[in-house]
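Structural overview for review
Okay, here's what each chain looks like letter by letter:
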Amino acid sequence: MRELTLVGIGTGNPDHVTRQGAAALREAGLILVPRKGEEKADLADLRLRLCAELAPGVPVAEFDLPVRDAANPDYRGGVEDWHDAIARAWAQAAGNADHAALLIWGDPSLYDSSLRIAARLSPAPRVRVVPGITAIQALCAAHAIPLNEVGAPVVITTGRQLRAGWPAGTDTAVVMLDGECSFRTLDPSGLRIWWGAYLGMPEEILESGPLAEAAPRIVAARAEARARHGWIMDIYLLRRSGDVA
(Lines give C-alpha, C1' and ligand atoms only; values in the text may rest on other atoms or scores of the structure.)
Protein backbone atom coordinates (compact mmCIF):
# COMPACT_ATOMS: atom_id res chain seq x y z
CA MET A 1 0.00 0.00 0.00
CA ARG A 2 1.71 3.13 -1.23
CA GLU A 3 -1.14 5.54 -0.44
CA LEU A 4 -3.74 5.68 2.32
CA THR A 5 -6.60 8.18 2.30
CA LEU A 6 -8.50 8.93 5.52
CA VAL A 7 -11.88 10.44 4.67
CA GLY A 8 -13.87 12.20 7.38
CA ILE A 9 -17.53 11.30 6.97
CA GLY A 10 -19.21 13.36 9.69
CA THR A 11 -21.50 11.92 12.34
CA GLY A 12 -23.78 9.56 10.49
CA ASN A 13 -25.64 11.76 8.05
CA PRO A 14 -24.69 10.81 4.47
CA ASP A 15 -25.00 14.48 3.52
CA HIS A 16 -22.07 15.25 5.82
CA VAL A 17 -19.66 13.72 3.31
CA THR A 18 -18.15 16.53 1.25
CA ARG A 19 -17.68 16.46 -2.50
CA GLN A 20 -13.94 16.27 -1.82
CA GLY A 21 -14.52 13.21 0.36
CA ALA A 22 -16.71 11.50 -2.23
CA ALA A 23 -14.10 12.14 -4.94
CA ALA A 24 -11.37 10.70 -2.72
CA LEU A 25 -13.35 7.49 -2.23
CA ARG A 26 -13.83 7.11 -5.97
CA GLU A 27 -10.09 7.56 -6.54
CA ALA A 28 -9.16 4.72 -4.17
CA GLY A 29 -8.40 1.24 -5.42
CA LEU A 30 -9.89 -0.33 -2.29
CA ILE A 31 -12.06 0.88 0.61
CA LEU A 32 -11.52 -0.72 4.02
CA VAL A 33 -14.60 -1.10 6.24
CA PRO A 34 -14.18 -2.24 9.86
CA ARG A 35 -16.64 -4.56 11.57
CA LYS A 36 -17.11 -3.95 15.30
CA GLY A 37 -19.34 -6.90 16.19
CA GLU A 38 -23.06 -7.46 15.91
CA GLU A 39 -23.96 -4.72 18.39
CA LYS A 40 -22.35 -2.09 16.16
CA ALA A 41 -23.34 -3.58 12.80
CA ASP A 42 -25.21 -0.34 12.06
CA LEU A 43 -21.88 1.49 11.79
CA ALA A 44 -20.49 -0.94 9.21
CA ASP A 45 -23.79 -0.90 7.31
CA LEU A 46 -23.69 2.91 7.15
CA ARG A 47 -20.17 2.85 5.74
CA LEU A 48 -21.16 0.21 3.18
CA ARG A 49 -24.14 2.30 2.07
CA LEU A 50 -21.90 5.32 1.64
CA CYS A 51 -19.47 3.27 -0.44
CA ALA A 52 -22.27 2.00 -2.68
CA GLU A 53 -23.74 5.48 -3.10
CA LEU A 54 -20.58 7.57 -3.44
CA ALA A 55 -18.03 5.17 -4.90
CA PRO A 56 -19.88 2.50 -6.89
CA GLY A 57 -17.55 0.00 -8.44
CA VAL A 58 -14.71 0.55 -5.98
CA PRO A 59 -13.92 -2.76 -4.23
CA VAL A 60 -14.63 -2.96 -0.50
CA ALA A 61 -12.77 -5.12 2.01
CA GLU A 62 -14.43 -5.69 5.38
CA PHE A 63 -12.30 -6.69 8.35
CA ASP A 64 -12.78 -7.37 12.05
CA LEU A 65 -11.57 -4.48 14.17
CA PRO A 66 -9.43 -5.63 17.12
CA VAL A 67 -10.89 -4.92 20.54
CA ARG A 68 -9.01 -3.00 23.22
CA ASP A 69 -8.37 -4.91 26.44
CA ALA A 70 -10.36 -2.71 28.83
CA ALA A 71 -9.18 -4.82 31.79
CA ASN A 72 -5.54 -3.84 31.25
CA PRO A 73 -4.58 -1.61 34.22
CA ASP A 74 -1.99 0.13 32.05
CA TYR A 75 -4.36 2.32 30.04
CA ARG A 76 -1.74 3.93 27.79
CA GLY A 77 0.08 0.64 27.24
CA GLY A 78 -3.19 -1.08 26.41
CA VAL A 79 -4.03 1.59 23.84
CA GLU A 80 -0.58 1.25 22.27
CA ASP A 81 -1.06 -2.51 21.91
CA TRP A 82 -4.52 -1.97 20.49
CA HIS A 83 -3.27 0.49 17.89
CA ASP A 84 -0.54 -1.96 16.86
CA ALA A 85 -3.19 -4.64 16.35
CA ILE A 86 -5.38 -2.30 14.27
CA ALA A 87 -2.43 -1.34 12.05
CA ARG A 88 -1.81 -5.03 11.38
CA ALA A 89 -5.51 -5.52 10.57
CA TRP A 90 -5.41 -2.61 8.12
CA ALA A 91 -2.35 -3.99 6.38
CA GLN A 92 -3.82 -7.48 6.14
CA ALA A 93 -7.15 -6.19 4.80
CA ALA A 94 -5.43 -3.96 2.24
CA GLY A 95 -3.47 -6.90 0.82
CA ASN A 96 -1.79 -5.87 -2.42
CA ALA A 97 -3.86 -2.73 -2.94
CA ASP A 98 -1.77 0.23 -4.06
CA HIS A 99 -4.20 2.87 -2.75
CA ALA A 100 -6.64 2.19 0.08
CA ALA A 101 -9.15 4.45 1.80
CA LEU A 102 -10.87 4.42 5.19
CA LEU A 103 -14.08 6.20 6.15
CA ILE A 104 -13.41 7.95 9.46
CA TRP A 105 -16.26 8.94 11.75
CA GLY A 106 -16.22 12.70 12.28
CA ASP A 107 -12.82 14.09 11.33
CA PRO A 108 -9.49 12.21 11.45
CA SER A 109 -7.86 15.01 13.46
CA LEU A 110 -10.22 15.15 16.45
CA TYR A 111 -10.20 12.43 19.12
CA ASP A 112 -9.60 9.79 16.51
CA SER A 113 -6.50 7.61 16.35
CA SER A 114 -6.46 6.81 12.64
CA LEU A 115 -3.48 9.09 11.97
CA ARG A 116 -1.51 7.56 14.85
CA ILE A 117 -2.37 4.08 13.59
CA ALA A 118 -1.37 5.00 10.03
CA ALA A 119 2.03 6.07 11.34
CA ARG A 120 2.62 2.48 12.50
CA LEU A 121 2.29 1.00 9.02
CA SER A 122 5.51 -0.32 7.51
CA PRO A 123 6.50 0.45 4.89
CA ALA A 124 4.90 3.84 5.50
CA PRO A 125 2.34 4.85 2.87
CA ARG A 126 1.72 8.42 1.80
CA VAL A 127 -1.19 9.55 3.97
CA ARG A 128 -3.83 11.95 2.71
CA VAL A 129 -6.54 13.37 4.95
CA VAL A 130 -9.91 14.69 3.79
CA PRO A 131 -11.59 16.67 6.58
CA GLY A 132 -15.09 15.90 7.80
CA ILE A 133 -17.75 17.52 9.96
CA THR A 134 -16.86 16.97 13.61
CA ALA A 135 -19.21 15.94 16.39
CA ILE A 136 -18.56 19.36 17.95
CA GLN A 137 -19.87 21.14 14.87
CA ALA A 138 -22.85 18.81 14.66
CA LEU A 139 -23.66 19.36 18.35
CA CYS A 140 -23.51 23.15 18.12
CA ALA A 141 -25.57 23.12 14.92
CA ALA A 142 -28.21 20.83 16.40
CA HIS A 143 -28.67 23.13 19.40
CA ALA A 144 -28.10 26.33 17.37
CA ILE A 145 -25.47 27.60 19.81
CA PRO A 146 -21.99 29.08 19.35
CA LEU A 147 -19.08 26.97 20.49
CA ASN A 148 -17.33 29.78 22.36
CA GLU A 149 -18.23 32.89 24.27
CA VAL A 150 -16.93 36.17 22.82
CA GLY A 151 -13.13 36.08 22.78
CA ALA A 152 -13.08 33.20 25.28
CA PRO A 153 -11.20 29.90 25.17
CA VAL A 154 -12.73 26.43 24.89
CA VAL A 155 -11.33 23.17 26.25
CA ILE A 156 -12.01 19.90 24.44
CA THR A 157 -11.57 17.01 26.85
CA THR A 158 -12.74 13.54 27.81
CA GLY A 159 -14.94 12.11 30.50
CA ARG A 160 -11.88 10.60 32.17
CA GLN A 161 -10.31 14.06 32.46
CA LEU A 162 -13.54 15.74 33.55
CA ARG A 163 -13.80 13.36 36.49
CA ALA A 164 -10.57 14.89 37.77
CA GLY A 165 -12.26 18.29 37.97
CA TRP A 166 -13.32 21.28 35.90
CA PRO A 167 -10.62 22.19 33.34
CA ALA A 168 -8.56 25.24 34.24
CA GLY A 169 -8.68 28.48 32.31
CA THR A 170 -12.08 28.16 30.65
CA ASP A 171 -15.80 28.49 31.24
CA THR A 172 -16.67 26.22 28.28
CA ALA A 173 -15.76 22.54 28.00
CA VAL A 174 -16.67 20.09 25.26
CA VAL A 175 -16.59 16.50 26.51
CA MET A 176 -16.08 13.51 24.24
CA LEU A 177 -15.54 9.79 24.83
CA ASP A 178 -17.57 9.77 28.03
CA GLY A 179 -19.37 6.50 28.65
CA GLU A 180 -19.99 7.27 32.32
CA CYS A 181 -21.92 10.56 32.26
CA SER A 182 -19.03 12.20 34.09
CA PHE A 183 -20.91 15.49 34.39
CA ARG A 184 -22.53 13.88 37.43
CA THR A 185 -19.25 14.32 39.33
CA LEU A 186 -19.42 18.13 39.06
CA ASP A 187 -21.13 20.63 41.32
CA PRO A 188 -23.98 21.65 39.00
CA SER A 189 -24.27 25.17 40.38
CA GLY A 190 -24.03 27.69 37.55
CA LEU A 191 -23.49 24.99 34.90
CA ARG A 192 -25.55 24.51 31.76
CA ILE A 193 -25.30 21.50 29.42
CA TRP A 194 -26.08 20.83 25.77
CA TRP A 195 -26.01 17.10 24.99
CA GLY A 196 -26.56 15.12 21.82
CA ALA A 197 -26.41 11.51 20.67
CA TYR A 198 -26.52 10.00 17.15
CA LEU A 199 -26.04 13.53 15.84
CA GLY A 200 -27.18 13.96 12.26
CA MET A 201 -28.82 10.55 12.16
CA PRO A 202 -32.56 9.77 12.19
CA GLU A 203 -32.07 8.51 15.77
CA GLU A 204 -30.72 11.88 16.95
CA ILE A 205 -31.50 12.76 20.59
CA LEU A 206 -30.96 16.19 22.14
CA GLU A 207 -31.20 17.48 25.70
CA SER A 208 -30.18 20.79 27.24
CA GLY A 209 -30.71 22.98 30.26
CA PRO A 210 -29.27 23.72 33.68
CA LEU A 211 -27.09 20.74 34.60
CA ALA A 212 -29.00 20.03 37.81
CA GLU A 213 -32.23 19.63 35.83
CA ALA A 214 -30.94 18.08 32.60
CA ALA A 215 -28.53 15.52 34.06
CA PRO A 216 -31.18 12.97 35.13
CA ARG A 217 -32.92 13.26 31.75
CA ILE A 218 -29.65 12.70 29.90
CA VAL A 219 -28.68 9.70 32.01
CA ALA A 220 -32.07 8.07 31.42
CA ALA A 221 -32.19 8.88 27.69
CA ARG A 222 -28.65 7.62 27.17
CA ALA A 223 -29.29 4.32 28.96
CA GLU A 224 -32.52 3.70 27.04
CA ALA A 225 -30.97 4.51 23.67
CA ARG A 226 -27.91 2.36 24.26
CA ALA A 227 -30.09 -0.57 25.28
CA ARG A 228 -32.24 -0.14 22.18
CA HIS A 229 -29.44 0.27 19.62
CA GLY A 230 -26.62 -1.68 21.26
CA TRP A 231 -24.26 1.30 20.92
CA ILE A 232 -24.24 5.04 21.37
CA MET A 233 -22.09 7.96 20.28
CA ASP A 234 -22.69 11.15 22.23
CA ILE A 235 -21.02 14.42 23.12
CA TYR A 236 -21.85 17.40 25.28
CA LEU A 237 -20.89 20.99 25.91
CA LEU A 238 -20.79 22.44 29.41
CA ARG A 239 -20.75 26.17 30.10
CA ARG A 240 -20.56 27.86 33.44
CA SER A 241 -21.63 31.35 34.38
CA GLY A 242 -18.84 33.86 34.67
CA ASP A 243 -19.65 34.49 38.33
CA VAL A 244 -19.05 30.85 39.32
CA ALA A 245 -15.65 30.36 40.98
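The structure reproduced in this document is the subject of the present report.

Turning next to the environment of leucine 32. As for its placement among the helices and strands, leucine 32 is situated in strand 2 (residues 30-35). Sequence spacing of leucine 32 and arginine 128 is 96 residues, and the spatial spacing of their C-alpha atoms is 15 Å.

What follows concerns a nonpolar patch on the surface. On the surface, Tyr111, Ile156 and Leu177 cluster together into a nonpolar patch covering about 290 Å² of accessible area. Of note, tyrosine 111 is situated in the loop between strand 4 (99-104) and helix 4 (114-118).

Turning to the nonpolar core, a few remarks are in order. By size, the foremost hydrophobic cluster in this structure holds 43 residues, and its most contacted members are Leu25, Ile31, Phe183, Ile193, Tyr198, Tyr236 and Leu238. Residue assignment for this core shows that the elements contributing at least two residues are helix 1 (19-27), strand 2, helix 2 (41-54), strand 4, strand 8 (191-197), helix 7 (211-229) and strand 10 (234-240). When near neighbours in sequence (up to four residues on either side) are disregarded, tyrosine 236 contacts Leu139, Leu162, Ala173, Val174, Val175, Asp178, Ser182, Phe183, Ile193, Trp194 and Trp195. Counting 19 residues, the second-largest nonpolar core is a separate cluster that includes Leu30, Ile117, Ala118 and Leu121.

Let us look at the side chain of threonine 158. Mapped onto the elements, threonine 158 comes out in strand 6 (residues 155-158). Overall, the relative accessible area of 12% leaves threonine 158 in the buried class.

Rules behind the numbers
- Residues numbered from 1 in each chain as written.
- Predicted model: local features only at pLDDT ≥ 70, side-chain atom pairs only at ≥ 80, totals over all residues.
- Heavy atoms only, no water.
- Helix = DSSP H or I, 4+ residues; strand = E, 2+ residues; numbered from the N terminus.
- Patch = residues over 30% accessible without salt bridge, like charges linked within 9 Å, V, L, I, M, F, W, Y side chains within 5 Å.
- Areas by Shrake-Rupley, 256 points an atom, 1.4 Å probe, with all protein chains shown as cover.
- Salt bridge = Lys/Arg side-chain N within 4 Å of Asp/Glu carboxyl O.
- Core = buried A, V, L, I, M, F, W, Y, C linked by side-chain atoms within 4.5 Å.
- Buried < 20%, exposed > 50% of the residue type's maximum accessible area, 1.4 Å probe, protein only.
- Contact = heavy atoms within 4.5 Å.

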